[in-house]
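Chain by chain, the residues run as shown.
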Amino acid sequence: MKGTPDQPLCGFSRAAVQILGVQGVDLTKHKTFNVLEDDELREGIKEYSYTTSPCSSWPTIPQVYIKGEFIGGTDILLNMHQSGDLEELLSSKGLIEPEEEGERA
């Protein structure tokens, strides 16, 4: 991401942090990387996303990985959040507790 979860430095990174927060993910318990602090990392992450998932050479930042699996950027995260797929994924990976039926707003 650009910046940190406490101080995102672009709107897309801020949106990703907000989406994950709404889902109940505690980002203090997970690794995040500020690509603005390291040019080599910023270029390397593009190459990494291609080698781990050649059909999704993702040129933008932030790039969201869950348990080593490339998920996508903010637009994909938002779509998954809106459809409910993100909650299912986060729950299945043990990153959040599943909501009880009565807890949904």
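- Where an unreviewed UniProt entry is consulted, the protein chain appears under the name Glutaredoxin, with the organism given as Jimgerdemannia flammicorona.
- Checking UniProt for the protein chain, the heading Sequence similarities (unreviewed entry) contains the comment "Belongs to the glutaredoxin family. Monothiol subfamily."

So, the nonpolar core
Inference 1: V25, I66, I71, L77, L86 and L90 are the most contacted members of the largest nonpolar core, which totals 16 residues.
Inference 2: Put simply, the parts of the chain that give this core at least two residues each are α1 (11–23), β1 (64–66), α3 (74–83) and α4 (85–92).
Inference 3: At 4 residues, α1 tops the list of elements feeding residues into this core.
Inference 4: Once you skip the residues sitting within four places of it in the chain, I71 turns out to touch V64, Y65, I66, I76, M80 and L89.

Criteria and cut-off values
- Residues numbered from 1 in each chain as written.
- Predicted model: local features only at pLDDT ≥ 70, side-chain atom pairs only at ≥ 80, totals over all residues.
- Heavy atoms only, no water.
- UniProt positions renumbered as here; feature names shortened; annotations may be inferred.
- Core = buried A, V, L, I, M, F, W, Y, C linked by side-chain atoms within 4.5 Å.
- Buried < 20%, exposed > 50% of the residue type's maximum accessible area, 1.4 Å probe, protein only.
- Helix = DSSP H or I, 4+ residues; strand = E, 2+ residues; numbered from the N terminus.
- Contact = heavy atoms within 4.5 Å.

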